[in-house]
Amino acid sequence: MTDTPEPDEIVEEPVAEAPEPEPEPEPEMVRADNVHKSFGSLEVLKGIDLVVKPGEVCCVLGPSGSGKSTFLRCINHLEKINAGRIFVDGDLVGYRERGGKLHELSEKDVARQRRSIGMVFQRFNLFPHMTVLDNVMEAPCRVKRESKSEVRERATALLDRVGLSSKIGNYPGQLSGGQQQRVAIARALAMRPKLMLFDEPTSALDPELVGEVLDVMKGLAQDGMTMIVVTHEIGFAREVGDNLIFMDGGVVVEQGAPRDVIGNPQHERTKAFLSKVL
Amino acid sequence: MSEQSTTERARPEAIKAVPVRHPVRWVSIAVIAVLVAMFVHLLLTNDNFRWSYIFVSYEEGKRGVMFTGPVLEGLRGTILLTITSMAIGIGLGTVLAVMRLSPNRILSSVAFVYTWFFRAVPRLILAILFGNLNILWSRIGFGLPFDEQIGKLFGIDNFNGQFYSIRAVDLLAGFVAGMLALGLSEAAYMAEIVRAGLQSVDSGQSEAAVALGMSRFQVLRRIVLPQAMRVIVPPTGNETIAMVKDTSLVAFVPVAGELWFQLNNISARTFVVFPVLVAAVIWYLIICTILMIGQYYVERHYGKGYGASARAKQRLRNIQVEQGGKITTTGETP
Ligand SMILES: Nc1ncnc2c1ncn2[C@@H]1O[C@H](COP(=O)(O)OP(=O)(O)O)[C@@H](O)[C@H]1O
Ligand SMILES: [Mg+2]
């Protein structure tokens with residue numbers, strides 16, 4: 001895994017002949033090809049490959065600092081990758097390939113790509129100065145410029161779905177962590193994303209509040225949402241995940257069906273990690 | 001008043017304890033009372049205050065010095081100057097703060113140099129400097145360049161292609177010069193305040209907003225600035241109050257339509273000093289008190305979702321919802 005050759009560096013100006021992705025026979029929601037990412041001299045991702053098919057739930061496990069969050073942030077271009085390619089629903093993320101050259105997408109085009117990728121953060125990051133309903137309505141109204149009444153209807157339905165219809169007029173500061181995270185999920189869903197990214201959505205929660213958030217995520221998975229979930233909840237990964245990858249030191253150490261990886265890990269690092277979290 | 005308790009156990013007797021005595025508290029109250037009485041006595045009995053000069057009439061057939069025409073004009077000028085220069089300061093200051101935080105090196109250096117210059121030069125000197133800037137240009141305006149020369153080509157003498165122009169002395173003297181001096185200087189201070197406010201907002205906020213597909217301007221306008229306001233408003237209130245007082249500096253531009261200039265004028269003419277000073281104190285007290293009240297409400301507005309008042313409002317809203325009332329979102333969303 002580590003010894004895959006370095007792909008072409010992403011340079012803003014002319015780039016050497018980029019490997020054309022062959023037209024996929026099967027639809028892929030996410031495709032990461034040999035993704036590299038460095039912060040200064042620190043290489044955090046050292047060649048990540050991943051394919052997530054529509055409707056799949058991919059769980060990402062790994063010790064702290066292994067680059068899980070960074071990888072997730074690369075998928076919606078919150079971080080620029082240094083080499084490799086990431087495709088979401090067939091579109092190259094952050095760039096346009098034309099005549100063998102990579103062109104950076106304009107801020108507007110990147111924003112358009114992000115609209116269809118929902119993200120849920122470890123620390124919720126709800127907007128504290130807006131009510132729960134306004135949090136959910138903000139992006140559809142401002143970004144997609146949808147009609148207010150329509151969005152309000154949809155937002156109310158989403159909040160009902162995550163079990164928070166009674167908290168519509170509250171401010172985030174008045175909610176428990178579990179409630180805030182459920183609002184955050186509703187906020188992301190309000191944009192009707194094709195893909196949802198979860199970065200340790202339950203890690204900041206008191207143990208008794210974890211279940212309510214996982215339940216919402218299970219429901220989403222059952223409804224066919226494509227999800228990439230960074231989590232330490234092994235039970236969730238085993239029950240809901242279609243695929244599991246274990247990352248360590250910026251590489252994918254092991255991947256496969258959750259049952260197999262968790263029940264019968266092949267690599268020492270996976271075993272060591274699982275023995276700590278199980 | 002039934003003493004019956006629903007539980008088995010009887011309620012114990014209510015506590016009736018002798019409260020702790022606070023002798024120091026009482027002594028200090030007495031001392032303060034005496035001092036206040038002495039002050040009131042001074043105000044009422046000392047003829048040098050000349051209250052009728054201040055409030056009733058300062059000259060034959062004139063109102064009191066506080067309410068006489070030129071002083072009220074000056075008061076209007078002071079308020080107008082405060083508002084306009086603070087508007088320039090806040091607007092330009094916000095732009096400078098955003099420039100300063102921009103990854104673009106040129107923008108951030110420009111903002112840095114601006115702030116450096118205007119913080120270094122005393123306002124008084126700036127005011128005088130701006131009052132004399134018209135030495136550099138005789139007319140300021142916009143229109144066709146080289147209008148006279150073009151006119152000559154077509155045989156018209158003195159062709160004037162200026163759509164609008166004004167003698168520099170008219171524009172860059174008096175009020176406008178004072179406003180610019182104060183406003184541009186204020187922008188340097190406001191830039192620092194706004195920058196601190198923007199930086200106080202958790203980076204997770206803009207990250208979440210960007211991840212939703214919001215543009216950089218939308219993130220600033222809808223997410224970051226409203227939260228930064230909690231940090232920005234209190235020092236801005238102080239700046240505004242300081243500005244009310246600094247407007248008296250424009251007397252050196254010179255600007256005539258300003259409170260202290262007018263009061264001072266009367267003082268010089270009537271040879272009455274102390275009551276005029278008292279009148280000035282009273283006017284500045286009144287303006288600043290009104291501003292402080294305003295500040296309270298602005299702070300409360302931007303504290304939404306954070307403090308006790310938010311909870312109180314929430315209770316009200318829940319009641320409305322329970323009674324089938326419509327949920328009205330506060331703030332700019334209609
Ligand atoms: N913006 C950043 N600048 C510099 N280093 C970073 C940055 N973000 C993450 N890192 C580093 O990258 C490594 C991986 O971080 P992260 O992706 O957050 O790991 P994980 O989510 O698996 O715990 C860590 O060593 C972290 O210090
Ligand atoms: Mg992380």
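About the thresholds
- Residues numbered from 1 in each chain as written.
- Chains lettered and ligands numbered in written order.
- Predicted model: local features only at pLDDT ≥ 70, side-chain atom pairs only at ≥ 80, totals over all residues.
- Heavy atoms only, no water.
- Helix = DSSP H or I, 4+ residues; strand = E, 2+ residues; numbered from the N terminus.
- Buried < 20%, exposed > 50% of the residue type's maximum accessible area, 1.4 Å probe, protein only.
- Contact = heavy atoms within 4.5 Å.
- Areas by Shrake-Rupley, 256 points an atom, 1.4 Å probe, with all protein chains shown as cover.
- Buried area = accessible area lost by both parts, 1.4 Å probe.
- Salt bridge = Lys/Arg side-chain N within 4 Å of Asp/Glu carboxyl O.
- Polar contact = N/O pair within 3.5 Å; in protein donor to acceptor, adjacent residues only side chain to side chain.
- Nonpolar A, V, L, I, M, F, W, Y, C, P; charged D, E, K, R; others polar.
- Phe/Tyr/Trp six-rings, centres within 6.5 Å; stacked < 30°, edge-to-face > 60°.
- Lys NZ or Arg CZ within 6 Å of the ring centre and 35° of its normal.
- Pairing = 2+ DSSP bridges.
- Axes fitted to C-alpha atoms, helices over the stretch in contact; angles between N-to-C directions.
- Parallel < 35°, antiparallel > 145°, perpendicular 65-115°, else oblique.
- Patch = residues over 30% accessible without salt bridge, like charges linked within 9 Å, V, L, I, M, F, W, Y side chains within 5 Å.
- UniProt positions renumbered as here; feature names shortened; annotations may be inferred.

If you check an unreviewed UniProt entry, chain B appears there as Amino acid ABC transporter permease from Paractinoplanes aksuensis.

Student: Got a minute to help me understand the overall build of chain B in this structure?
Tutor: A count of helices and strands for chain B gives 13 helices and two strands. Across the 334 residues of chain B, 35% fall into the buried class. Long-range contacts, defined here as pairs at least 24 residues apart, represent 71% of the contacts in chain B between residues at least 6 apart. Working note: accessible area of chain B is about 20900 Å², and carbon and sulfur atoms make up 66% of it.

Student: Just to check I follow, could you spell out the interface of chain A and chain B for this structure?
Tutor: The parts lose accessible area when they come together, and the size of an interface is often stated as this lost area. In this assembly, 33 residues from chain A lie in contact with 31 residues from chain B. Contact with chain B buries area across many residues of chain A, yet Phe127, His129 and Tyr171 of chain A alone supply 20% of it, more than any other trio. For the interface between chain A and chain B, the tally reads three salt bridges. One salt bridge in this structure joins Glu138 of chain A and Arg222 of chain B, with 2.8 Å as the shortest N-O distance. On the surface where chain A and chain B come into contact, there are seven residue pairs in polar contact (both at pLDDT 80 or more). Of all the secondary-structure elements, those providing two or more residues to the side of chain A that touches chain B are helix H2 (107-115), strand E8 (117-120), helix H3 (132-142), helix H4 (148-161) and helix H5 (177-189) of chain A. The residue makeup of the side of chain A that touches chain B, split by class, is 15 nonpolar, seven polar and eleven charged.

Student: Please explain the packing of aromatic side chains as it appears in this structure.
Tutor: Two numbers describe a pair of aromatic rings. These are the distance of the centres and the angle of the planes. In total, this model carries ten aromatic pairs over all chains according to the counting rule given. On the numbers, 6.1 Å between centres and 80 degrees between planes, the contact of Phe67 of chain B with Trp283 of chain B is edge-to-face. Taken together, the residues Phe67 of chain B in the loop between helix H2 (51-55) and helix H3 (69-101) and Trp283 of chain B in helix H12 (residues 274-302) connect sequence positions 216 residues apart. Each residue in the set Phe49, Trp51, Phe55, Phe67, Phe274 and Trp283 of chain B is aromatic and connected to the rest through ring pairs, giving one cluster. One residue, Arg187 of chain A, lies across the ring of Phe127 of chain A, its end atom 4.5 Å from the ring centre.

Student: Looking at this structure, how should I read the sheet that holds strand E10 (residues 226-230) of chain A?
Tutor: Backbone hydrogen bonds hold the strands of a sheet together, and the pairing may be parallel or antiparallel. Residues and elements named next belong to chain A. Strand order in the open sheet formed by six strands is E8-E9-E10-E3-E11-E12, with mixed pairing between adjacent strands. In this open sheet, the two edge strands, each paired with only one partner strand, are E8 and strand E12 (251-256). Geometrically, the sheet is characterised by an average inter-axis angle of 15 degrees between neighbouring strands, direction not taken into account. Summarising the sheet, strand E11 (residues 243-248) and E12 pair through five bridges and their orientation is antiparallel. If you follow Met247 over to E12, its bridge partner there is Val252. In the packing of helix H1 (residues 68-75) onto the sheet, contacts are made with strand E3 (57-61), E8, strand E9 (195-199), E10 and E11, and the angle to E9 comes to roughly 155 degrees. The sheet contacts of H5 involve E8 and E9, and relative to E8 the element is tilted by about 170 degrees.

Student: Would you explain the pairing of strand E7 (residues 101-104) of chain A in this entry?
Tutor: Taken residue by residue, a regular strand's side chains alternate between the two faces of the sheet. Residues and elements named next belong to chain A. As defined by bridge partners, strand E6 (residues 95-98) adjoins E7 across four bridges and the pair is classed as antiparallel. The partner of Arg96 across the bridge, within E7, is His103. Turn length for the E6-E7 hairpin, with the two strands adjacent in sequence and antiparallel, is two residues, and the turn residue Gly99 shows positive phi of about 60 degrees.

Student: I tried to follow the packing of H3 of chain B against helix H11 (residues 259-270) of chain B on my own but got confused; where do I start?
Tutor: Between two packed helices, both the angle of their axes relative to each other and the distance between the axes serve to describe the pair. Residue and element names in this part refer to chain B. At a minimum axis separation of 7 Å, H3 and H11 run at an interaxial angle of 155 degrees. With respect to H11, the element H3 is oriented roughly antiparallel. Here Pro70, Val71, Gly74, Leu75 and Thr78 of H3 come into contact with H11, specifically with Leu259, Gln262, Leu263 and Ile266. A per-class count over the contact of H3 with H11 returns six nonpolar, three polar and no charged.

Student: Could you clarify how one ought to interpret the pattern of salt bridges in this entry?
Tutor: If the charged atoms of two oppositely charged side chains come close together, the side chains can form a pair. A full pass over the atoms with the stated rule returns 26 salt bridges over all chains. Note that Lys37 of chain A and Glu79 of chain A form a salt bridge whose closest N and O atoms lie 3.9 Å from each other. Note that Lys37 of chain A is positioned in strand E1 (residues 30-39) and Glu79 of chain A in the loop between H1 and strand E4 (83-88), a separation of 42 residues in sequence. The exposure class assigned to Glu79 of chain A is buried, which follows from its relative accessible area of 14%. With its nearest N and O atoms 2.7 Å apart, the salt bridge here joins Arg123 of chain B to Asp246 of chain B. Remark: Asp246 of chain B occurs in helix H10 (residues 216-246) and Arg123 of chain B occurs in helix H5 (residues 123-131); sequence separation between them is 123 residues. One salt-bridge network, in which partners are shared between bridges, spans Lys37, Arg73 and Glu79 of chain A together with Glu207 of chain B.

Student: Explanation requested: a nonpolar patch on the surface in the structure shown.
Tutor: All names here are of chain B. Taken together, Val27, Val31, Val34, Leu35 and Met38 make up a surface patch of nonpolar side chains, about 480 Å² in accessible area. As for its placement among the helices and strands, Val27 is situated in helix H1 (residues 23-45). You can call Val27 exposed: its relative accessible area is 54%.

Student: Looking at this structure, how should I read the UniProt feature "transmembrane region" (unreviewed entry) in chain B?
Tutor: Residue and element names in this part refer to chain B. Here, the residues flagged by UniProt with the feature "transmembrane region" (unreviewed entry) are residues 26-44, 79-99, 111-137, 171-191 and 271-298. Across residues 111-137, the secondary structure splits into 70% helix and 0% strand, with the terminal C-alpha atoms separated by 26 Å. In residues 271-298, the share of helix is 89% and the share of strand is 0%. The end C-alpha atoms are 43 Å apart.

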